[in-house]
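The residues making up each chain are set out below.
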Amino acid sequence: MRLSVLRRIGYMVLIPILAVFSALLLGAIIMWIFGDDPLAAYRGLWTGAFGSPRAWSTTIRKMTPLILTGLSVAVAFKAGLFNIGASGQFLIGSVCSVAVGVNFEGLPAFVHLPLALLAGVAGGVLWGFIPGALKVFTGAHEVIVTIMLNYVASLFAAWTVYAGGTQGQTPGPLWDRTAGAISRTPEVFMSARLPWIVPEPYRIHWGVAIALLVALIMWWILFKTTLGFSTRTVGANSKAARYAGINVRWITILTMMIAGGLAGLAGAIETLGLNHRFAPEFTGGVGFQGITVALLGQTNPIGVVLAAFLLGALEAGAARMQFDSGVAADIIQVIQALVLAFVAAPLIIRQIYRIRKPSDQVETTVFSTGWGR
Amino acid sequence: MQRTLRVTSYLAIALVIFFVVMAFLVNLTPLGENTWLRVFFSVSALNFTLRASVPLILGALCGILCERTGIINIGIEGMMLAGAFAAFVAKTSTNHWPLMPSLLFGVAIALLVGGLMGLLHAIFSIRYRMDQIISGTVLIILAGGVSAYLFDRNAVAQGKFGAIAIPGLSQIPVLGEVLFTNPPLTYTALILVVVIHIGLFYTRWGLRSRACGEHPRAADTVGVNVNRFRYMNTVLGGMLAGLAGGFLVLEAVGQFQEGMTAGRGFISLAAMIFGNWMPFGAMGAALLFGYTQALQNELLLAGVTTVPRQFVSMIPYVVTIVAVSGFVGRVRPPAAEGKVYETEGESE
């Protein structure tokens, strides 16, 4: 009994590690095929991610939003929902937090900052509530609705900061009036900014502490509370959950709201901690990466933190890699896609490395049971 | 179900007639002096609509082929981008050829690479039983990464497909200009709609494909090789998405830019759903979505600034959400979509 539990945990850890290893190996082969030097590239990647205190700080900075978007996707997975909309929720979170951050001058920081963070969370919650409620009440599949909401969110965000046009189009409500033709918001007031833990030039802000704390809370909720148990039961077998008296509809809506709130918090933290403003070139790309983080972390909050650290390191090292070795930083995106492919299809990894699966392990996580229902 | 379909198709026909009449009136009579009418019905707006719709039509057809056989495909965006990049590479490396062969070579390579992306999607989701939505996501990230990694920013593609006027038909006022004076891939897309509609609903292949998507066990029982059909149609679908990418590079823009599909794959998905997994429905939806893009353009040209363009752009997405929520005539996806099919006793 004890042994089988150990073996299961080993399997859960082994697959992600082998997936990352295989992705890096395949990435190296691709680089080699197209005439780049993979060794130089990975050396640069390592230096850029861990080579100096500066590099470490970049890794931590890149990791922070990934923890939260990864949690967002992971929590939804736990309830059998696929939140592909973390990027939209992220954007709405950013815009809402900025809206509070650039207004209310003179509020003390201990009111203004939490208010701005809460606004971001609230925006994300709303953006998660829509697909959740539509799924429960009309049967609309959350994947379609969240994809569409991503675009609505990014257009909405673009409108709020829109500078107006040369033909006198009305500028958006959050546009920075001093920016001329540039579409962007003003910087948020000092009282709404997340303070630095380690100041310039390292620029690590308290967001990372918030993200880690939230991960811990999510772990506690998922594995130590009735709510978490219900959520996981709904995800494992929603029919059984209904027979056991769990309110599946409510859990579905609530989970999507929590997922949205987490991604919204990521947007708020990224904006209030780092960028201090919103501009249309900030995309919700980290929301999309959240899918990779969540699956690499085996949808476990602790795993998500580790996965976010790894992906954050890849992102952090990319610039240095391109500078040192001349390999285009875009190869990182290829590697991320491969990581996602390998963790999502453990069968590939098992075949390559000839691993037998533990007998009681569920093989694949299939979330998509058709569109309509 | 049957009834809703009939009502919507009458509505669609009425709408088309309305548009044709208005287009004639606005472009041939003094009614065209009115700014708003010109914005809505000018020849340039209708031309723009068709141009913007072609990749959406092809993408939606890709989705229909995959999903009718039971493979969810949210990776259209990635397949399209891969096709676009492949077409660009093929075109730039054959710049020294005469224009037509070089362009046709570009189309062929776009089809090939799109098909390979389809094959990858099929292998992931059938052979390796990956969640099909995640597999689609992998394709999107992969195409974005690979095309950016390999993109040579100094390469320039020379020339693109020009318009071919169909003799006789192109002389019809307004209609001739909009419908019968187009580059070849536009005609191809419109013809493909008819071909795939007939294929799906009037041939043995179509019946079997749809059976695989609705009730694979039944299809298997009567001797249809479900997974072979799924492989075949996903590859075919990938080729169509690749063609959509080829259209962007070889016919619409003439060059490649990173991430140039810019969400068209997702709008195609929306068009497919809004069109209820029917080729003509999807075409109608694609035209509607293309029209919203044309409107933005025309509004800008006409100097109308009261409507923020971002809100006009939102229309396709909002309309799709409304459609899947069943507020206006419920759409119904193939029943067995997204489920791995195993013959009995096969599970490992």
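Residues numbered from 1 in each chain as written. Chains lettered and ligands numbered in written order. Predicted model: local features only at pLDDT ≥ 70, side-chain atom pairs only at ≥ 80, totals over all residues. Heavy atoms only, no water.

Draft legend 1. Looking closely at the overall build of chain B. If you tally the helices and strands in chain B, you get 14 helices and two strands. What you see for chain B is a C-alpha radius of gyration of 21 Å, in line with the 20 Å of a compact globule of 348 residues. Each principal axis of the C-alpha atoms in chain B carries an extent, and together these give about 70 × 55 × 40 Å. For chain B, buried positions account for 54% of its 348 residues. (Helix = DSSP H or I, 4+ residues; strand = E, 2+ residues; numbered from the N terminus. Rg over C-alpha atoms; globule rule 2.2 N^0.38 Å. Buried < 20%, exposed > 50% of the residue type's maximum accessible area, 1.4 Å probe, protein only.)

Draft legend 2. Representation of the overall build of chain A within the structure. Scanning chain A from terminus to terminus reveals 14 helices and two strands. In terms of overall dimensions, chain A is globule-like: its C-alpha atoms have a radius of gyration of 21 Å, near the 21 Å expected for 373 residues. Overall, the C-alpha framework of chain A stretches about 65 × 55 × 40 Å when taken along its three principal axes. Looking at chain A as a whole, 58% of its 373 residues qualify as buried. Considering only intrachain contacts with a sequence separation of at least 6, the fraction spanning at least 24 residues in chain A is 72%. A total accessible area of about 15700 Å² is found for chain A, and carbon and sulfur atoms account for 67% of it. Each charge class in chain A was averaged separately, 25 positive and 14 negative side chains, and the resulting centres sit 15 Å apart. (Contact = heavy atoms within 4.5 Å. Areas by Shrake-Rupley, 256 points an atom, 1.4 Å probe, with all protein chains shown as cover. Lys, Arg positive; Asp, Glu negative; His and termini not counted. Charge placed at Lys NZ, Arg CZ, Asp CG, Glu CD.)

Draft legend 3. Spatial organisation of the packing of aromatic side chains. If you walk through the whole model with that rule in mind, you get 17 aromatic pairs over all chains. Ring geometry for F88 of chain B against F256 of chain B: centres 5.9 Å apart, planes inclined by 35°, an arrangement best described as tilted. Separated by 168 residues along the polypeptide, F88 of chain B in helix α4 (residues 76-93) and F256 of chain B in the loop between α11 (226-253) and α12 (264-274) bring together distant segments of the chain. Using a relative accessible area of 3% as the deciding quantity, one classes F88 of chain B as buried. A network of ring pairs unites the aromatic residues W46, F50, W56 and F309 of chain A as a single cluster. (Phe/Tyr/Trp six-rings, centres within 6.5 Å; stacked < 30°, edge-to-face > 60°.)

Draft legend 4. How the structure looks around the environment of I30 of chain A. Relative to the helices and strands, I30 of chain A is located in helix α1 (residues 2-33). Sequence separation between I30 of chain A and G317 of chain A is 287 residues; the distance between their C-alpha atoms is 18 Å. Contacts of I30 of chain A, omitting those with residues within four sequence positions, involve I331, V334 and L338 of chain A together with Y149 of chain B.

Draft legend 5. Looking closely at the side chain of N150 of chain A. Residue and element names in this part refer to chain A. Structurally, N150 can be placed in helix α6 (residues 142-160). Looking at N150, its side chain comes within polar contact range of the main-chain oxygen of I84, at 3.2 Å. Within polar-contact distance, the side chain of N150 engages the backbone nitrogen of G88 at 2.8 Å. The contacts of N150, once residues within four sequence positions are left out, are I84, G85, A86, S87 and G88. (Polar contact = N/O pair within 3.5 Å; in protein donor to acceptor, adjacent residues only side chain to side chain.)

Draft legend 6. View of unusual backbone geometry. Residues and elements named next belong to chain A. For R203, which is not a glycine, the phi torsion comes out positive at approximately 50°. Structurally, R203 is set in the loop between β1 (196-198) and β2 (204-205). By relative accessible area, which is 26% here, R203 ends up partly exposed.

Draft legend 7. Region of interest: a nonpolar patch on the surface. A surface patch of nonpolar side chains, amounting to about 740 Å² of accessible area, comprises F21, L25, L26, I29, W32, I33 and F34 of chain A. Note on placement: F21 of chain A falls in helix α1. (Patch = residues over 30% accessible without salt bridge, like charges linked within 9 Å, V, L, I, M, F, W, Y side chains within 5 Å. Salt bridge = Lys/Arg side-chain N within 4 Å of Asp/Glu carboxyl O.)

Draft legend 8. Local environment of the interface of chain B and chain A. Of the residues lining the interface, 53 residues belong to chain B; the matching set on chain A comes to 60 residues. Both sides of the chain B and chain A interface together cover about 4800 Å² of buried area, and 73% of this is carbon and sulfur. Inspection of the chain B/chain A interface yields zero salt bridges. For the side of chain B that touches chain A, the elements supplying multiple residues, two or more each, are α5 (99-127), α6 (132-150), α12 and α14 (309-324) of chain B. Element by element, the count of residues in the side of chain B that touches chain A is highest for α6 of chain B, at 14 residues. Here the side of chain B that touches chain A is composed, by residue class, of 32 nonpolar, 11 polar and 10 charged. (Buried area = accessible area lost by both parts, 1.4 Å probe. Nonpolar A, V, L, I, M, F, W, Y, C, P; charged D, E, K, R; others polar.)

Draft legend 9. Local environment of empty space enclosed by the protein. Residues and elements named next belong to chain A. Summed over all chains, the structure comprises five cavities of 30 Å³ or more. Estimates place the volume of the second largest cavity at around 60 Å³. Elements with a minimum of two residues in the lining of the second largest cavity: α7 (207-224), α8 (226-236) and α10 (248-275). Among the residues forming the lining of the second largest cavity, the class breakdown is seven nonpolar, two polar and no charged. (1 Å grid on protein atoms, 1.4 Å probe; cavity = no way out; pocket = protein on both sides within 12 Å on 5 of 7 lines; lining within 4 Å. Points joined across faces, edges and corners; volume = space filled by probe spheres on them.)

Draft legend 10. Region of the structure containing the packing of helix α5 (residues 109-138) of chain A against α10 of chain A. All names here are of chain A. Two numbers describe how α5 lies on α10: the axes approach to 6 Å, and their chain directions differ by 145°. In the crossing of α5 with α10, the sense of the turn from one axis to the other is right-handed. In terms of residue class, the contact of α5 with α10 is made up of 17 nonpolar, eight polar and two charged. (Axes fitted to C-alpha atoms, helices over the stretch in contact; angles between N-to-C directions. Left-handed = near helix turned anticlockwise from the far one by under 90°.)

Draft legend 11. Quick peek at the nonpolar core. Residues L68, L71, I84 and I147 of chain A together with I134 and F256 of chain B are the most contacted members of the largest nonpolar core, which totals 175 residues. The element best represented in this core is helix α13 (residues 331-344) of chain A, accounting for 12 residues. If you look at the next biggest cluster of nonpolar residues, it comprises six residues, including A219, V226, F229 and Y341 of chain B. (Core = buried A, V, L, I, M, F, W, Y, C linked by side-chain atoms within 4.5 Å.)

Draft legend 12. Up close: the packing of helix α4 (residues 86-101) of chain A against α10 of chain A. Residues and elements named next belong to chain A. Following both chains from N to C, one finds α4 and α10 inclined at 50°, their axes separated by 7 Å at the closest point. Our classification of the angle between α4 and α10 gives oblique. The way α4 lies across α10 gives a crossing that is right-handed. Where α4 abuts α10, its residues A86, Q89, F90, G93, S94, S97 and V98 lie against A259, G260, A263, G264, A266, G267, A268, E270, T271 and L272. Of the residues that constitute the contact of α4 with α10, the class distribution is eight nonpolar, eight polar and one charged. (Parallel < 35°, antiparallel > 145°, perpendicular 65-115°, else oblique.)

Draft legend 13. Region of the structure containing helix α3 (residues 43-68) of chain B. All names here are of chain B. Here α3 is 26 residues long and its end C-alpha atoms lie 35 Å apart, about the 38 Å a rise of 1.5 Å per residue gives. The principal kink in α3, of about 35°, is found at S53, preceding the proline P55 by one to four residues. Buried residues dominate α3, accounting for 23 of its 26 residues. At the exit of α3 stands G70, carrying a positive phi of roughly 100°. (Expected span 1.5 Å × (residues − 1). Bend = angle between axes of the 7 residues up to and from the residue.)

Draft legend 14. Representation of the pattern of salt bridges. With the rule as written, the count across this model stands at five salt bridges over all chains. Of the charged contacts, one joins E142 of chain A and K135 of chain A as a salt bridge, the two residues approaching to 2.7 Å between their closest N and O atoms. Comparing E142 of chain A with K135 of chain A, the two get one shared label, buried. Between R153 of chain B and E258 of chain B there is a salt bridge, and its shortest N-O distance comes to 2.3 Å. One end of the pair, R153 of chain B, is in the loop between α6 and β1 (164-165); the other, E258 of chain B, is in the loop between α11 and α12, with 105 residues separating them in the sequence.

Draft legend 15. Structural context of the state of the cysteines. Residues and elements named next belong to chain B. Under the counting rule described, the total for this entry stands at zero disulfides over all chains. Cysteine C62 is unpaired, with the sulfur of C66 as its nearest cysteine sulfur at 4.5 Å. On the accessibility criterion, C66 (0% relative accessible area) is buried. (Disulfide = S-S within 2.5 Å.)

Draft legend 16. Quick look at helix α8 (residues 184-202) of chain B. For α8 of chain B, spanning 19 residues, the distance from its first C-alpha to its last is 26 Å, which sits close to the expected 27 Å at 1.5 Å a residue. Burial in α8 of chain B covers these residues: P184, L185, T186, Y187, A189, L192, V193, I196, H197, G199 and L200 of chain B.

Any link to function would need more than the numbers given here.
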